[in-house]
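Working through the structure, step by step
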Amino acid sequence: MTVASSFDLISDIHLDFWVRMNNNEVKQRRNIDRLVDSLIPPDHPSSTLVIAGDLGHYNVQNQQLLISFKRFYDKILIVFGNHDLYLVSNGQRRKYSSDSMKRRGEMKQLAEQLEGVVCLDGTTICIDGVTYGGTASWYDCSFGIQTLNMSQSQLYEEWKKSMNDANLIYPRFTQSTLMDFFNHEYEKLEAVIDESQVIISHVSPDWSHVGGKHLIDPVTSFYYFDGSSLLTRAKGKVWCFGHIHTKVDYLHSDGCRLINNALGYPDERTGTKIRTIQL
Ligand SMILES: [Fe+2]
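Residues numbered from 1 in each chain as written. Predicted model: local features only at pLDDT ≥ 70, side-chain atom pairs only at ≥ 80, totals over all residues. Heavy atoms only, no water.

Considerations on the state of the cysteines
Such a bond, covalent and formed between the sulfur atoms of two cysteines, is termed a disulfide. Inspection of every chain in the model, using the stated rule, returns 0 disulfides. Of the cysteine sulfurs around C119, a residue in no disulfide, the closest is that of C240, at 16 Å. Judged by its relative accessible area of 2%, C119 is buried. Unpaired in this structure, C126 has its nearest cysteine sulfur neighbour in C240, at a distance of 16 Å. (Disulfide = S-S within 2.5 Å. Buried < 20%, exposed > 50% of the residue type's maximum accessible area, 1.4 Å probe, protein only.)

Quick notes on unusual backbone geometry
The residue after Y170, namely P171, is reached through a cis peptide bond having omega -10°. Looking at where P171 falls in the secondary structure, it is placed in the loop between helix 8 (165-168) and helix 9 (175-193). Backbone geometry at S97 places phi at a positive 50°, although glycine is not the residue there. Look at S97 and you get partly exposed, because its relative accessible area is 48%. In the Ramachandran plot, C141 falls in the positive-phi region, its phi being about 70° despite a non-glycine side chain. Topologically, C141 is positioned in the loop between strand 6 (130-135) and helix 6 (142-147). (Helix = DSSP H or I, 4+ residues; strand = E, 2+ residues; numbered from the N terminus.)

Quick notes on the coordination of the iron ion
Within the first shell, the iron ion binds the protein through D12 (OD), H14 (NE2), D54 (OD) and H245 (NE2), at distances of 2.1 to 2.4 Å. Coordination at the iron ion comes from 4 donor atoms whose angles at the metal span 87 to 175°, giving a geometry best classed as irregular. One chain supplies every donor to the iron ion, and in sequence these donors are spaced D-x1-H-x39-D-x190-H. With D12 in the loop between strand 1 (6-10) and helix 1 (15-18) and D54 in the loop between strand 2 (48-52) and helix 3 (59-69), this residue pair connects regions lying 42 residues apart in the sequence. (Donors = N, O, S within 2.8 Å, 3.2 Å for Na, K, Ca; no water. Tetrahedral: all angles 85-135°; square planar, octahedral: opposite > 155°, others 65-115°.)

Considering the packing of aromatic side chains
Scanning the model with the defined rule gives 15 aromatic pairs in all. Ring geometry for F143 versus W207: centroids 5.5 Å apart, planes at 90°, classification edge-to-face. With a gap of 64 residues between them, F143 in helix 6 and W207 in the loop between strand 7 (198-201) and helix 10 (228-231) connect regions that are remote in the sequence. With 5.6 Å between their ring centres and 45° between their planes, F182 and Y186 make a pair best called tilted. Here the residue F182 and the residue Y186 both occupy positions in helix 9, the gap between them amounting to 4 residues, near one helical turn. Each member of the pair, F182 as well as Y186, is classed as buried. Connected via pairs of aromatic rings, a cluster forms that spans W138, Y139, Y156, W159, F173, F181 and F222. (Phe/Tyr/Trp six-rings, centres within 6.5 Å; stacked < 30°, edge-to-face > 60°.)

The following block contains the structure:
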């Protein structure tokens, strides 16, 4: 039995860390099915699955993952994460002419070839009376600027040292194009937030739950953006995100419920399963 006023959530699957890329399609499909079977919630899944970014590094393999999920779900909604832009090998860079957006465009096409699969990119979709809206989103370094008193330029230098995003997204971001990318994604969120009951982004709009060593780490700046003004418009809504591989579910002071249900890498041993969110 499926419940109309619920959806299932997962993010940060990082498929190629769980199932090695393999030219033996039958074997790969079997291994992906096995992974998917292990993620399905023990109760009956909802009819809609939300994936809040970071499918994996290889589009064809990611498409097999979606085919496997389609065994359980009528609708699958995806936003792309930073890893969905990575070109991780010379072969990948050749294939997409060193243009990460070409890879992302192809992934959207491969995903949407499957019936009921939709990639949200500043767009919304209404399913069973619930409007879902989302986009990839990006970080804006505000955490470091506001809480660590660092400048944008200092944070850009830190970003180049610490983030794979600096080396595996092509063409490489400059300080200015990095902010342009954030602004473009932010505009897409602004366009969907008011009409959406469920908002989906890869990056979190709020760092209020951050604690411990992360509070003094500049790298935290690359995991959040300042979504405070968007959150004032999100009272009563549910906002799903990924990027951090730490499960959280809390009510923001402005009344929006923020949820992360990341799988993450095998060595993180999160024990995550797909989670059903009741509306
Ligand atoms: Fe991730």
